[in-house]
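Here are the chains, one letter per residue:
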Amino acid sequence: GTQAAAVLRREPPKRALLRAKRACNASPPPQVSLTLYRRCRVVMSANQVLSTLAYGSTSFAIMAVNKLVLTSYQFPSATFVALGQMVLTVAVLQLARRVGLVTFPDFSLSVCSKVFPLPLLYLFNMVVGLGGTKRINLPMFTVLRRFAIWFTMIAERVLLGTEASYATHSSVFLMIAGAFVAASDDLAFDMTGYILVMANNVLTAANSVYIKKKLDAKELGSFGLMYYNSVLSLPIVFVMLALDAEQMEEVRAFPHWGDTGFVLLFVACGIMGFLLTYSMFWCTQATSPLTTNIVGCLKNVFISYGGMVLGGDYIFSTTNFVGLNISIFGSLVYAYYKYKEHAAEGAAKAALKDSTPSAKATADTAIEGEAAGSELRRVVSL
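In this text the structure is predicted, and so the values were computed from the model without any measurement. (Residues numbered from 1 in each chain as written. Predicted model: local features only at pLDDT ≥ 70, side-chain atom pairs only at ≥ 80, totals over all residues. Heavy atoms only, no water.)

Caption draft 1: Fine view of the overall build of the protein chain. Within the protein chain one finds 16 helices and zero strands. Relative to its 382 residues, the protein chain shows a buried fraction of 47%. Looking at the protein chain alone, contacts between residues at least 24 apart form 83% of all its contacts between residues at least 6 apart. When the accessible surface of the protein chain is split by element, carbon and sulfur atoms take 65% of a total near 18,600 Å². (Helix = DSSP H or I, 4+ residues; strand = E, 2+ residues; numbered from the N terminus. Buried < 20%, exposed > 50% of the residue type's maximum accessible area, 1.4 Å probe, protein only. Contact = heavy atoms within 4.5 Å. Areas by Shrake-Rupley, 256 points an atom, 1.4 Å probe, with all protein chains shown as cover.)

Put into structure tokens, the structure is as follows:
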């Protein structure tokens, strides 16, 4: 009963969650009372539901907030928004680290050399992503972002030698085909916006493949990666803004700086990055990487339909609407096949672990490495 009782003591959430998983993973051990076991299961279930809701709502909110700031309020500079996000991200991560909410390595030149050129990819990915959000309605932005999955699959095949399954290829084809159909009758078509989103997709794929190829996910973790990317990108952003006097003058003269609603949204833009990463980490820890992936796919469905109202820049046409729905259906099929692949891999690893002690140790190492890499790839792709 010692492990199960630990769940009910006042401990840091991460430690209590790990203890609860050990004590309540299957049926109650003989030495644990049924009442205590049920209380542990309630704690676990509530944590799983809350973490899933937190990740889903935060994922939706960050898109909505960015859209409101850049499109509804017509803020003139995506680069300045990126600067605000980086500054607030560094500040929030430092505060969270001081209170013990997150952990990541201290700033050092050796770590900087290891992550480079990832901060450059992160910076330009953020700037072009915000630029695309400003110029394209959310439904089209969401379906065009599915190209990032296709680009990543191509890059993984060329650089890493990995091949996705036929089912994955089919679902990605559906998403891409739907995007082409929708784009063929996009009444709010913006060439610059489309170019920015496609650049966003290429940089996202490069980010993901670079991390899988060279970076040790366990050394930095999600929050360390976010911290170093932001810190190392800040000097470049300052130089970019200093060289663009016209853009800075537009930012200075922006008429809504005295509007409390806008200021709150602008600040929310900055802290949402941290909240998204933390909720993703929490959801993955409380449930599984697969659940986090599926929640992300479902979030895109809500953004696609909700974005038709949010921002006020979506223009309905039948062909465009049909294309959007084809792409959304493809994303749901993608989530379904990923679920089946994950279940099959889990069964195979379970069988391997039960075979021999050496095979068990190998399987444990593979599972830990895959979980760390999966979490990091999701953070970067967002």
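Having put the structure on the table, let's press on.
Caption draft 2: Local environment of the nonpolar core. Counting residues in each nonpolar core, the largest one holds 79 residues, and the members touching the most others are V69, F75, L93, M140 and L144. Here V69 is in contact with Q74, F75, V81, F262, L265, F266 and C269, once residues within four sequence places are set aside. (Core = buried A, V, L, I, M, F, W, Y, C linked by side-chain atoms within 4.5 Å.)

Caption draft 3: Layout of the packing of aromatic side chains. One pass over the full model with this rule turns up 22 aromatic pairs. Its end group placed over the ring of F104, R97 keeps NZ or CZ at 4.9 Å from the ring centre. (Phe/Tyr/Trp six-rings, centres within 6.5 Å; stacked < 30°, edge-to-face > 60°. Lys NZ or Arg CZ within 6 Å of the ring centre and 35° of its normal.)

Caption draft 4: Fine view of the packing of helix α4 (residues 78-98) against helix α6 (residues 118-135). Where α4 contacts α6, the axes come no closer than 9 Å and their chain directions differ by 125 degrees. One finds that α4 runs oblique with respect to α6. Our pair here, α4 against α6, has a crossing hand that is right-handed. Residues A78, T79, V81, A82, Q85 and M86 of α4 pack against Y122, L123, M126, V127, L130 and G131 of α6. Of the residues belonging to the contact of α4 with α6, the class tally is nine nonpolar, three polar and no charged. (Axes fitted to C-alpha atoms, helices over the stretch in contact; angles between N-to-C directions. Parallel < 35°, antiparallel > 145°, perpendicular 65-115°, else oblique. Left-handed = near helix turned anticlockwise from the far one by under 90°. Nonpolar A, V, L, I, M, F, W, Y, C, P; charged D, E, K, R; others polar.)

Caption draft 5: Local environment of the pattern of salt bridges. Evaluated as defined, the whole model comprises four salt bridges. Among the ionic pairs, D190 bridges to R135, the shortest N-O distance being 3.2 Å. Placement of the pair is D190 in the loop between α9 (166-184) and α10 (191-214) and R135 in helix α6, with a sequence separation of 55 residues. Classification of D190 by relative accessible area gives buried; the value is 18%. Since its relative accessible area comes to 39%, R135 is described here as partly exposed. (Salt bridge = Lys/Arg side-chain N within 4 Å of Asp/Glu carboxyl O.)

Caption draft 6: Geometry of helix α13 (residues 260-286). In this model, α13 (27 residues) spans 36 Å end to end at C-alpha, consistent with the 39 Å of a helix rising 1.5 Å per residue. Of all the bends in α13, the greatest measures close to 40 degrees and is centred on I271. The backbone nitrogen of G261 has a side-chain oxygen 2.9 Å away, supplied by the residue at the start of α13, namely D259. (Expected span 1.5 Å × (residues − 1). Bend = angle between axes of the 7 residues up to and from the residue. Polar contact = N/O pair within 3.5 Å; in protein donor to acceptor, adjacent residues only side chain to side chain.)

Caption draft 7: Seen up close, a nonpolar patch on the surface. On the surface, a cluster of nonpolar side chains totalling about 370 Å² of accessible area is made up of F60, L298, F302 and L332. Positionally, F302 belongs in helix α14 (residues 289-306). (Patch = residues over 30% accessible without salt bridge, like charges linked within 9 Å, V, L, I, M, F, W, Y side chains within 5 Å.)

Caption draft 8: Examining α4 more closely. With 21 residues, α4 ought to run about 30 Å at 1.5 Å a step, and its terminal C-alpha atoms sit 30 Å apart, in line with that. In this structure S77 caps α4, since a side-chain oxygen of it lies 3.4 Å from the backbone nitrogen of T79. One or two steps after α4, the chain reaches G100, where phi turns positive at roughly 85 degrees.

Caption draft 9: Representation of empty space enclosed by the protein in the model. If you walk through the whole model with that rule in mind, you get one cavity of 30 Å³ or more. The space that makes up the largest cavity amounts to roughly 50 Å³. What lines the largest cavity is simply T142, V143, R146, N300, V301, S304, S327, I328 and S331. Among the secondary structure elements, those contributing two or more residues to the lining of the largest cavity are α7 (138-144), α14 and α15 (318-353). Among the residues making up the lining of the largest cavity, the classes are represented as three nonpolar, five polar and one charged. (1 Å grid on protein atoms, 1.4 Å probe; cavity = no way out; pocket = protein on both sides within 12 Å on 5 of 7 lines; lining within 4 Å. Points joined across faces, edges and corners; volume = space filled by probe spheres on them.)

Caption draft 10: Looking closely at unusual backbone geometry. At Q74, a residue that is not glycine, the phi angle is positive and equals roughly 55 degrees. Among the secondary structure elements, Q74 is positioned in the loop between α3 (34-72) and α4. For Q74, a relative accessible area of 60% puts it in the exposed group.

Caption draft 11: Region of interest: the environment of Y55. Secondary-structure assignment places Y55 in helix α3. Distance in space between the C-alpha atoms of Y55 and T284 is 9.5 Å, their sequence separation being 229 residues.

Caption draft 12: Quick peek at the side chain of N200. Following the sequence through the fold, N200 ends up in helix α10. On the basis of relative accessible area, N200 is assigned to the buried category, the value being 5%. For N200, the side chain forms a polar contact with the side chain of R145, separated by 3.4 Å. When near neighbours in sequence (up to four residues on either side) are disregarded, N200 contacts N125, V128, G129, F141 and R145.

Caption draft 13: Quick look at the packing of α4 against α13. As a packed pair, α4 and α13 sit with axes 7 Å apart at the nearest point and diverge in direction by 55 degrees. With respect to their mutual orientation, α4 and α13 come out oblique. When you trace α4 past α13, the crossing you get is right-handed. For the pair formed by α4 and α13, the contact residues are F80, V81, G84, Q85, L88, T89, V92, L93 and A96 on the first element and F266, V267, C269, G270, I271 and F274 on the second. Of the residues belonging to the contact of α4 with α13, the class tally is 11 nonpolar, four polar and no charged.

Keep in mind these numbers describe shape, not what the thing actually does.
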